[in-house]
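Structural characterization, general
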Amino acid sequence: MAAKIKKGDRVVILAGKDKGRQGAVLKVMPKEERVVVEGLNLVQRHTRPTQADPQGGIKSKEAALHVSNVAIVDSKGKPTRVGFRVDGDKKVRVAKTTGEVING
């Protein structure tokens, strides 16, 4: 299936502890149908001291979210679904709410 959400897209969280918050997509995992969003869905990891990190301790990192729990933000700042349209010889992503082409 075509990629509706890509790295760098501005998205809003639709469900979970960070519902309503916005961030940029850092990583997309199409096989697992998951995305990692910058600064959201933070989890704590208890890390053992290593040579690379002699301090160790409790570290925060972003965990992956299911792609169905995020939506792209359109130009008006509202969540939108994504459609596709062919402009000339290119297939482009289109915001369903405004009909505008999504950059990417």
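Residues numbered from 1 in each chain as written. Predicted model: local features only at pLDDT ≥ 70, side-chain atom pairs only at ≥ 80, totals over all residues. Heavy atoms only, no water.

The name an unreviewed UniProt entry gives the protein chain is Large ribosomal subunit protein uL24, with Phenylobacterium glaciei as the organism. Under the UniProt heading Subunit (unreviewed entry), the entry covering the protein chain gives this text: "Part of the 50S ribosomal subunit." A UniProt comment under Sequence similarities (unreviewed entry) is attached to the protein chain, and it reads "Belongs to the universal ribosomal protein uL24 family." (UniProt positions renumbered as here; feature names shortened; annotations may be inferred.)

**Description of the nonpolar core**
Membership of the largest hydrophobic core comes to 13 residues, with the highest contact counts inside it found for Ile 5, Val 11, Val 35, Val 37 and Val 70. For Val 37, the residues in contact, after removing those within four places along its chain, are Val 11, Ile 13, Gly 23, Ala 24, Val 25, Leu 26, Glu 62, Leu 65 and Val 70. (Core = buried A, V, L, I, M, F, W, Y, C linked by side-chain atoms within 4.5 Å. Buried < 20%, exposed > 50% of the residue type's maximum accessible area, 1.4 Å probe, protein only. Contact = heavy atoms within 4.5 Å.)

**Remarks on the environment of Glu 38**
Along the chain, the position of Glu 38 falls in the loop between β3 (34-37) and β4 (42-47). Judged by its relative accessible area of 45%, Glu 38 falls in the partly exposed class. When neighbours within four sequence positions are excluded, Glu 38 is seen to be in contact with Gly 23, Ala 24, Leu 26 and Glu 62. (Helix = DSSP H or I, 4+ residues; strand = E, 2+ residues; numbered from the N terminus.)

**Some words on the pattern of salt bridges**
All told, the structure shown has 4 salt bridges when counted by the stated rule. The salt bridge partner of Arg 21 is Asp 18, with a shortest N-O separation of 3.1 Å. (Salt bridge = Lys/Arg side-chain N within 4 Å of Asp/Glu carboxyl O.)

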